[in-house]
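Chains, contacts and geometry: an overview
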Amino acid sequence: SAQMFETWPHSSASYVSAEKVRSLRVFKPWAPEWPEEQRLFAWKNLVQYVHANQMKVLLGTSIGCLEDYDKQTWEWTKELLHMIGKDHLMGLAIGNELEIFHRFR
């Protein structure tokens, strides 16, 4: 979280203070191919950043054709939602391009 922006780049001038980042879009909570041993550390850093900056998060989660993958992703999503907390949640985005999902079944 120490490497993330707290203000929008190029949003300040000598007469105006920089605009703080107030929202964040997370496309997925985690992926099976990412190192599991780093997941909680990464999440704790993310949540610390969100809470410290009074941000709102739009959290995404995927849905696909692999039932085990989908179940694991949903469990991670619920866990991260709980860590973020309702006061910092903007919304939950489920799936991507669901209108073409039938092509892959």
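Structure report, in brief. (Residues numbered from 1 in each chain as written. Predicted model: local features only at pLDDT ≥ 70, side-chain atom pairs only at ≥ 80, totals over all residues. Heavy atoms only, no water.)

From N to C terminus, the protein chain includes two helices and three strands. Ordered by position in the sequence, the α and β elements of the protein chain form the string β-α-β-α-β. Counting only residues that meet the buried cut, the protein chain has 28% of its 105 residues in that class. In the protein chain, the share of contacts with a sequence separation of at least 24, taken over all contacts with a separation of at least 6, comes to 70%. For the protein chain, the exposed area adds up to about 7600 Å²; of that, 56% sits on carbon and sulfur atoms. (Helix = DSSP H or I, 4+ residues; strand = E, 2+ residues; numbered from the N terminus. Buried < 20%, exposed > 50% of the residue type's maximum accessible area, 1.4 Å probe, protein only. Contact = heavy atoms within 4.5 Å. Areas by Shrake-Rupley, 256 points an atom, 1.4 Å probe, with all protein chains shown as cover.)

Across all of its chains, the model carries one aromatic pair by this definition. Summarising the aromatic geometry, the rings of Trp-30 and Trp-34 are spaced 5.2 Å apart at their centres and angled 90° between planes, so their arrangement reads as edge-to-face. Using a relative accessible area of 8% as the deciding quantity, one classes Trp-30 as buried. The aromatic ring of Trp-43 is capped on one face by Arg-39, whose charged end is 4.7 Å from the ring centroid. (Phe/Tyr/Trp six-rings, centres within 6.5 Å; stacked < 30°, edge-to-face > 60°. Lys NZ or Arg CZ within 6 Å of the ring centre and 35° of its normal.)

A few words on the side chain of His-88. Along the chain, His-88 falls in the loop between α2 (67-84) and β3 (89-94). Side-chain polar atoms of His-88 contact the backbone oxygen of Met-55, separated by 3.0 Å. (Polar contact = N/O pair within 3.5 Å; in protein donor to acceptor, adjacent residues only side chain to side chain.)

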